[in-house]
2 protein chains.
Amino acid sequence: MTGSRSTSADVARRAGVSRATVSYVLNGRTDQSIPANTRDKVLAAARDLGYVPHAASRALRRGTSNLVLLINSGVPWSTNVTDVEDELTALVAASGRSLVVWRRPGADALQGTLANLEPCVAISMDALTSGENRLLATVGVPLVAADLAAPGTGLPADLQIEHLARQGHRRIGYLTTDEPSLQRFATPRTDGILAACVRRGLPEPRIAGVPGGLAVDVAAVAGQLTRWLNGRDPVTAVACFNDLHAAACLAAASDLRIGVPTDLSVIGLDDDIFAPLTRPALTTVRLGPQHFARHLWSLARHHLGEAPGPAAFTPTAHIVERASVTSPSPFPSPKR
Amino acid sequence: MTGSRSTSADVARRAGVSRATVSYVLNGRTDQSIPANTRDKVLAAARDLGYVPHAASRALRRGTSNLVLLINSGVPWSTNVTDVEDELTALVAASGRSLVVWRRPGADALQGTLANLEPCVAISMDALTSGENRLLATVGVPLVAADLAAPGTGLPADLQIEHLARQGHRRIGYLTTDEPSLQRFATPRTDGILAACVRRGLPEPRIAGVPGGLAVDVAAVAGQLTRWLNGRDPVTAVACFNDLHAAACLAAASDLRIGVPTDLSVIGLDDDIFAPLTRPALTTVRLGPQHFARHLWSLARHHLGEAPGPAAFTPTAHIVERASVTSPSPFPSPKR
DNA sequence: GGGATCCACTGACACGTGTCAGTATGTGGA
DNA sequence: TCCACATACTGACACGTGTCAGTGGATCCC
């Protein structure tokens, strides 16, 4: 009933042993011989007092904390980044550490945050500024950034093409984004699309980017669709950078009175939350959250000296078949 | 070139003063008189060495950290919770503290996390378990939970009704969620809808809940729509708990060949990312992120002893007019 | 000249933990 | 009886910081 939180000294007093013994018991050290009797006394005392070790003291003494900082720079990537965060949280928790997500308010805010919390490793999905990199280096926090050129990254794009090809599509358009902050993600995917077409002997896909990250410009998409459909060798299917672009594609098609999937098939990527709610419902590719999270965590464990080398990158992904993709109609309906 | 990070002792040595002086300068204490000359020497030394104070030591000495923990229990609320997180991050950063988001993997994971980081205050958007509440109490971390019964919470619901009423709608359906974890948010909104109708002398709205949180059951929505439209005094407009429900409503209407907005108006809430991409584009209510964030932060500051009393709750919200709401047609088209 | 006052600065302590060297107590062997 | 040795435990230190009491020197007033 002291009102203040109890320390290991309180536990020691209550168990009638020294503080060192308490530390040995609570940290489960095997190199110290501790009879079951004493062990139980300490454990009971700790439980009775609701003892939780003081995070700051522990970090100070050990020289490093148990915190993993995930820097979310707010890149308008996909709304289910949260899936990655969840998976990563679970992985980190399993190692006795804790993952916390920091949404950086600005490029110069990192210093203040590092003065308030010192992680044992930082993970960023996006590229940081050179100043931020230097800062992390001077305070000695290793930084893990996803290797988006790793083999396997092309898998989701490959699945998009495979599904369209299996339905019989050959003339394919690829709708990507021009948003600068997304190029880090967009470029490897575009490469994956190109490689997938080559691998399957398909003609080179038409590739076009539209401005806007989260706020996709529907008018720009509509313009692109008319260009793709009115030339010779019109496109019969469009693969999209993500589900937002796919939804914009559906909206543009609706505005242009182009029937989906009768006149045009559309495939997305991410299986975003709204994908089942579009009409037609969106056929898309679902990435297992493991895709990214396991990759990041294995890199981090390597930096922490717990893994021998960076583990192989084995993404998982599968097609979610809904209603926006069918076989191309042999007699396309007249334009406009 | 030591390789290890520099401490305040290093700064002191380089500036040729004592460690205490360094601390006084760097913390900008006004009760200590320090000539500009010394001050500059210390500042220069700190800059040269890239000194960043050790978070753990500071927290240990001060007895409390500068961390604010936002517990995100993964309630399937809206995809732009991230807006609230961003706003809250900025508010917290302005006070010299740092906000970190913790997505809790399970109800028993909090203890482990509290052993790894000790926040000065915890904020939760959702209700926690009694065990978690007890735990926070024993370690002495104040918990802030949004007061969803605060005056002003009804504003977004009120705006939905106001917009529909202004267009001439009188028979209104309200589509909410039956998801248990969302009732904390859903109930106040339903109350807001009821109050708004009473205030404007509208007939009592028809209220129906559908199962599913993020994955709204479109078939269930379709069932509800046919019931609302086929009885006598058919509904001419549907207000929805959020944009996901509104999108499900549009999908169900499309499946039933009900024209929106010609035969039925639909209004959402949240201005979710996909709202401009539905067809018809969704008319909805946009809550300023301040709505929630400022409320939470003012409560937190009160707990930290920095604000005299909980500040008044002044939500901001406005209608985003797109294409899913018009005036009710005087001669509704035949059913089915 | 001597006491009072102010300025600029410093030495030493405490926060709570993990760990190492060391000590007291038994136990067995010569 | 004496030494060697394992067992069970403890005292004391260090991590880096913020802060308080204190100290030497200069300045001022009478």
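Okay, so let's go over this structure. Given the structure is predicted, the values throughout are model-derived calculations rather than measurements. (Residues numbered from 1 in each chain as written. Chains lettered and ligands numbered in written order. Predicted model: local features only at pLDDT ≥ 70, side-chain atom pairs only at ≥ 80, totals over all residues. Heavy atoms only, no water.)

1. Some remarks on unusual backbone geometry
That bond from B:Val260 to B:Pro261 is cis: its omega, 5°, falls within 30 degrees of zero. Summarising the element assignment, B:Pro261 is placed in the loop between helix H11 (243-255) and strand E8 (265-267). Cis geometry is found at the peptide bond from B:Arg279 to B:Pro280, where omega equals -5°. Within the secondary structure, B:Pro280 sits in the loop between E8 and strand E9 (284-287). For A:Asp233, which is not glycine, the phi dihedral falls at a positive 55°. In this fold, A:Asp233 is placed in the loop between helix H10 (218-230) and strand E7 (237-240). A relative accessible area of 41% places A:Asp233 in the partly exposed class. A positive phi angle is found at A:Asp271, which is not glycine, with a value near 50°. (Helix = DSSP H or I, 4+ residues; strand = E, 2+ residues; numbered from the N terminus. Buried < 20%, exposed > 50% of the residue type's maximum accessible area, 1.4 Å probe, protein only.)

2. A closer look at the environment of A:Gly154
Residue and element names in this part refer to chain A. Here Gly 154 shows up in the loop between strand E4 (143-145) and helix H8 (155-166). We classify Gly 154 as partly exposed; its relative accessible area is 25%. For the pair Gly 154 and Arg 189, spaced 35 residues apart in sequence, the C-alpha to C-alpha distance is 6.0 Å.

3. Here we look at the pattern of salt bridges
Counted under the stated rule, the structure contains 36 salt bridges over all chains. A salt bridge links B:Arg166 to B:Glu162; the shortest N-O distance between them is 3.3 Å. One end of the pair, B:Arg166, and the other, B:Glu162, are both in helix H8 (residues 155-166), 4 residues apart, so they sit about a helical turn from each other. Given the relative accessible area of 64%, B:Arg166 is considered exposed. Given the relative accessible area of 26%, B:Glu162 is considered partly exposed. In this structure, B:Asp271 engages B:Arg322 in a salt bridge whose closest nitrogen and oxygen atoms are separated by 3.0 Å. You can see B:Asp271 sitting in the loop between E8 and E9 and its partner B:Arg322 sitting in the segment after strand E10 (317-320), a full 51 residues away along the chain. Taken together, the salt bridges that share partners define one network made up of A:Asp83, A:Asp271, A:Arg286 and A:Arg322. (Salt bridge = Lys/Arg side-chain N within 4 Å of Asp/Glu carboxyl O.)

4. Points about the protein's contact with DNA strand D
Around DNA strand D, the surrounding shell holds 27 residues, and the nearest of these are A:Ser18, B:Arg19, B:Tyr24, B:Tyr51 and B:Arg61. Take the atoms of DNA strand D that sit within 4 Å of the protein: sugar and phosphate atoms are 56% of them. B:His54 is positioned with one of its backbone polar atoms (N or O) 3.3 Å from a phosphate oxygen of DNA strand D. The side chain of B:Ser57 places a nitrogen or oxygen atom 2.8 Å from a sugar or linking oxygen of DNA strand D. (Near = heavy atom within 4 Å. Polar contact = N/O pair within 3.5 Å; in protein donor to acceptor, adjacent residues only side chain to side chain.)

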